[in-house]
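So the chains spell out like this:
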Amino acid sequence: MNNTVAGEAGAAASAAAAAPHVPEIRVAVRSEEDVPAALAVVKFAYTGQVEAGSITEALQVRQQADYLRMPRCMEACLERVREKLTDAAGAVGGGSSAAGGDGGGGSNESSSDIDAVLELYSCAPLWPEPANDPTYAAFAALLTEAKRRLVAHFGDAQAVLNKDQLYKQMRALPAVGLEALLESDDFGTDSESSVVLVLAE
């Protein structure tokens, strides 16, 4: 087996030597964790397809595409995020509530739907910046829809404080997600004290 590997390596080296005019692409990355995203950007240049299995991965690829100044890839990555959010919403199909659904707020969103929204909020460091980013307007539209679904899921302060699953999900929200929830006029409450308690928790 070692002879086979050595032979293949030798053949590859010979082929490279025989074709010195073949360009070599080198992409600088900050760390080893960035390699898959950088490879996905290079693949996009050849295939026009974004390989990303999750919202987080799509935003990681978008970040690398931004670094490499590839706006079409950046746009395709946000389209992949939109597909993930849409697929999750489409999977609801009238399914049961993730929150337990009994009275006083809480959502009719399925767990797969809210999981996609929560994933988007969990990777806020990967979001495009408002200034000087050609894809920010498209991302802002995605975020507006995600915020609507986030607020619909949690419902109101009483539901968050009284339903175990909502309470745990609220505790796991990053600051940007909690801010989106509490600043919304559609997030209900019986009194300001309940909102303060949510924030304290």
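See the structure printed just above.
A brief report on the enclosed structure follows. Just so it is clear, the structure is predicted and the values come from calculations on it, not from any experiment.

This part covers the overall build of the protein chain. Scanning the protein chain for helices and strands turns up 10 helices and 0 strands. Within the protein chain, buried positions represent 34% of all 201 residues. Contacts spanning at least 24 positions in sequence make up 67% of the contacts within the protein chain whose residues lie at least 6 apart. For the protein chain, the exposed area adds up to about 11,700 Å²; of that, 52% sits on carbon and sulfur atoms.

Turning our eyes to something else, we now look at unusual backbone geometry. Here Arg69, not a glycine, exhibits a phi torsion of approximately 60 degrees, which is positive. With respect to the secondary-structure elements, Arg69 resides in the loop between helix H3 (55-67) and helix H4 (71-90). For Arg69, a relative accessible area of 73% translates into the label exposed. The backbone phi angle of Asn132 is positive, close to 60 degrees, even though this residue is not glycine.

With their axes 8 Å apart at the nearest point, helix H2 (residues 35-47) and H3 run at an angle of 70 degrees to one another. As far as their axial angle goes, H3 and H2 are roughly perpendicular. In this structure, H2 meets H3 at a crossing whose hand is right-handed. Where H2 abuts H3, its residues Ala37, Ala38, Ala40 and Val41 lie against Gln60, Val61, Gln64 and Ala65.

So, on to the side chain of Gln64. Among the secondary structure elements, Gln64 is positioned in helix H3. Judged by relative accessible area, Gln64 falls into the buried class, the value being 3%. If we ignore the near neighbours within four places in the chain, the residues touching Gln64 are Val29, Arg30, Asp34, Ala37, Ala38 and Val41.

In this structure the tally under the stated criterion is 8 salt bridges. Put simply, Lys43 and Glu51 hold a salt bridge, and the shortest N to O gap is 3.5 Å. We classify Lys43 as partly exposed; its relative accessible area is 41%. In this structure, Arg80 and Glu83 form a salt bridge, with 3.0 Å as the shortest nitrogen-oxygen distance. Residue Arg80 and its partner Glu83 are located together in helix H4, separated by 3 residues, close to a single helical turn.

In this section: the nonpolar core. By size, the foremost hydrophobic cluster in this structure holds 45 residues, and its most contacted members are Leu59, Leu120, Leu150 and Phe154. Elements represented by at least two residues in this core include exactly H2, H3, H4, helix H5 (111-122), helix H6 (136-154), helix H7 (157-162), helix H8 (164-172) and helix H9 (175-183). Setting aside residues no more than four positions away along its own chain, Leu150 makes contact with Ile114, Val117, Leu118, Tyr121, Leu173, Gly177, Ala180 and Leu181.

Enumeration according to the criterion identifies 0 disulfides in this entry. In this structure Cys73 is not part of a disulfide, and its nearest cysteine sulfur, from Cys77, lies 4.2 Å away. Exposure remark for Cys77: the relative accessible area of 0% places this residue in the buried category.

Criteria and cut-off values
- Residues numbered from 1 in each chain as written.
- Predicted model: local features only at pLDDT ≥ 70, side-chain atom pairs only at ≥ 80, totals over all residues.
- Heavy atoms only, no water.
- Helix = DSSP H or I, 4+ residues; strand = E, 2+ residues; numbered from the N terminus.
- Buried < 20%, exposed > 50% of the residue type's maximum accessible area, 1.4 Å probe, protein only.
- Contact = heavy atoms within 4.5 Å.
- Areas by Shrake-Rupley, 256 points an atom, 1.4 Å probe, with all protein chains shown as cover.
- Axes fitted to C-alpha atoms, helices over the stretch in contact; angles between N-to-C directions.
- Parallel < 35°, antiparallel > 145°, perpendicular 65-115°, else oblique.
- Left-handed = near helix turned anticlockwise from the far one by under 90°.
- Salt bridge = Lys/Arg side-chain N within 4 Å of Asp/Glu carboxyl O.
- Core = buried A, V, L, I, M, F, W, Y, C linked by side-chain atoms within 4.5 Å.
- Disulfide = S-S within 2.5 Å.

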